[in-house]
Amino acid sequence: LVRLRARLARSQSTLGKGLLGLLSRDRIDEETWEEIEDALLTADVGVGPTEELVERLRTRVRVEGAASQDHAREILRSELLTLVGTDLDRSLHVTRTSTNPAVVLVVGVNGTGKTTTVGKLARVLVAEDKDVILGAADTFRAAAAAQLATWGDRVGVPTIRGPEGGDPASVAFDSVKAGVEQESDVVIVDTAGRLHTKTGLMDELGKVKRVIEKQAPVSEVLLVIDATTGQNGLTQARVFAEVVDVTGIVLTKLDSTAKGGIIIAVQRELGVPVKLVGLGEGADDLAPFEPAAFVDALLG
Ligand code: GDP
């Protein structure tokens with residue numbers, strides 16, 4: 001975790017340093033506020049949250065006067081924390097009941113890092129001594145199930161697969177059935193991220209969810225979003241959030257962008273907490289999202 005934090009800090013500190021520098025100027029004029037706005041927008045914080053933050057910062061500077069470097073840090077820390085949200089439930093619901101495994105459905109556009117996230121998450125759960133089964137319900141791409149099975153082997157958990165081009169819902173059903181029969185703790189179902197039409201997606205994910213729920217409730221629906229795709233990725237993600245009840249967001253590839261502000265924009269847009277962040281391609285590069293650690297990393 002320490003190593004991951006360091007990586008997050010490296011990629012994100014540009015924004016924090018910029019903001020700190022601007023806010024601790026002797027004289028903050030309109031131009032400075034514009035620069036602060038620009039810095040936030042450039043970091044993908046999004047228009048609404050940027051306006052809100054700048055408004056709050058303006059008020060504080062008006063009331064408290066020009067800020068020293070330390071004071072500026074304190075102001076930014078508390079206001080950014082408020083914006084990120086410290087009271088959201090970011091815990092993963094992955095505890096089996098007496099009769100059922102917990103079921104985690106992982107959704108999102110292809111290429112965002114869904115399969116990789118499933119593999120990493122399995123690794124985390126296995127390290128917690130949980131029995132995990134993976135379900136390869138992305139039956140549309142030939143390589144997808146194979147890629148997931150490779151992760152399964154790597155992490156040491158079984159992967160349930162179906163025939164290529166087969167019914168994703170049937171693979172989801174078989175995976176959860178195996179989980180019930182084998183008294184597993186968690187079944188993680190990887191889904192196809194084809195953004196064809198909204199109704200097509202809705203039918204597909206709806207069916208997958210329905211057949212799972214014939215056997216066990218879905219305890220988490222994780223929406224995977226690629227942090228490097230910025231507002232574009234957000235637009236695509238919104239479609240998923242509209243067709244399925246998302247319980248948490250996984251923001252991947254945060255190691256590859258300096259635009260950590262996307263965390264704020266994503267939560268605000270979708271009304272769902274970021275629960276996990278992806279910080280690399282390796283098996284151990286998944287971390288719980290901790291607002292305080294994130295803001296501290298940002299401010300360097
Ligand atoms: P899927 O199509 O959504 O299942 O996406 P994949 O899991 O196949 O991932 C797409 C690419 O993104 C792969 O090359 C992954 O190694 C890479 N990737 C996934 N997560 C991360 C991350 O957190 N950081 C980085 N740098 N790359 C990632």
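Residues numbered from 1 in each chain as written. Predicted model: local features only at pLDDT ≥ 70, side-chain atom pairs only at ≥ 80, totals over all residues. Heavy atoms only, no water.

K.L.:
Please explain the nonpolar core as it appears in this structure.
P.N.:
Considering soluble globular proteins, one finds that nonpolar side chains tend to be buried as a cluster. Within the largest apolar cluster, 72 residues are counted, with the highest numbers of intra-cluster contacts made by Leu23, Ile36, Ile212, Leu251, Val266 and Val277. With seven residues, the top contributor of residues to this core is helix α4 (residues 69–84). Other than its neighbours up to four places away in sequence, Ile212 contacts Val103, Leu105, Ala172, Val176, Val189 and Val218. With 23 residues, the next largest nonpolar core counts Val104, Val132, Trp151 and Leu286 among its residues. (Core = buried A, V, L, I, M, F, W, Y, C linked by side-chain atoms within 4.5 Å. Buried < 20%, exposed > 50% of the residue type's maximum accessible area, 1.4 Å probe, protein only. Helix = DSSP H or I, 4+ residues; strand = E, 2+ residues; numbered from the N terminus. Contact = heavy atoms within 4.5 Å.)

K.L.:
Explanation requested: the packing of α4 against helix α11 (residues 291–299) in the structure shown.
P.N.:
Each pair of packed helices gets described by two things: the angle between the helix axes and the distance between those axes. Taken N-terminus to C-terminus, the directions of α4 and α11 make an angle of 140°; their axes are 10 Å apart at the nearest point. On the basis of their axis angle, the class for α4 and α11 is oblique. Pair α4 / α11 crosses with right-handed handedness. Along its contact with α4, which presents Arg73, Leu76, Arg77, Leu80, Leu81 and Val84, the element α11 presents Pro291, Ala292, Phe294, Val295, Asp296, Leu298 and Leu299. Taken together, the residues that form the contact of α4 with α11 break down as ten nonpolar, no polar and three charged. (Axes fitted to C-alpha atoms, helices over the stretch in contact; angles between N-to-C directions. Parallel < 35°, antiparallel > 145°, perpendicular 65-115°, else oblique. Left-handed = near helix turned anticlockwise from the far one by under 90°. Nonpolar A, V, L, I, M, F, W, Y, C, P; charged D, E, K, R; others polar.)

K.L.:
Can you help me understand the UniProt feature "domain: SRP54-type proteins GTP-binding" (unreviewed entry) in the protein in this one?
P.N.:
When the UniProt feature table is mapped onto this chain numbering, "domain: SRP54-type proteins GTP-binding" (unreviewed entry) sits at residues 273–286. This span, residues 273–286, is 0% helix and 43% strand, and a straight line between its end C-alpha atoms measures 16 Å. (UniProt positions renumbered as here; feature names shortened; annotations may be inferred.)

K.L.:
Help me out: how do you make sense of the site of the ligand in this one?
P.N.:
Taken together, 18 residues are adjacent to the ligand, and Gly111, Lys114, Thr115, Thr116 and Glu281 come closest. The contact in question runs from an oxygen atom of the ligand to an N or O atom on the backbone of Lys253, over 3.0 Å. Protein contacts shield 82% of the accessible area of the ligand, which totals 580 Å² for the unbound molecule. No other element matches the four residues that helix α5 (residues 114–127) contributes to the shell around the ligand. Of the residues that constitute the shell around the ligand, the class distribution is two nonpolar, ten polar and six charged. (Near = heavy atom within 4 Å. Polar contact = N/O pair within 3.5 Å; in protein donor to acceptor, adjacent residues only side chain to side chain. Areas by Shrake-Rupley, 256 points an atom, 1.4 Å probe, with all protein chains shown as cover.)

K.L.:
Would you explain α11 in this entry?
P.N.:
Think of an α-helix as turning once every 3.6 residues; residues three or four places apart then point the same way. In terms of burial, α11 is a largely internal element, seven of the nine residues being buried. One or two residues past the end of α11 sits Gly300, with phi positive at roughly 70°.

K.L.:
Quick question: what am I supposed to make of the packing of helix α3 (residues 47–64) against α4 here?
P.N.:
One way to put it is that α3 packs onto α4 with a least axis distance of 10 Å and a crossing angle of 145°. Regarding α3 and α4, the two cross each other, and that crossing is right-handed. On α4, the residues touching Pro49, Glu52, Leu53, Arg56, Leu57, Arg60 and Glu64 of α3 are His71, Ile75, Leu76, Ser78, Glu79, Leu80, Thr82 and Leu83. Taken together, the residues of the contact of α3 with α4 break down into seven nonpolar, three polar and five charged.

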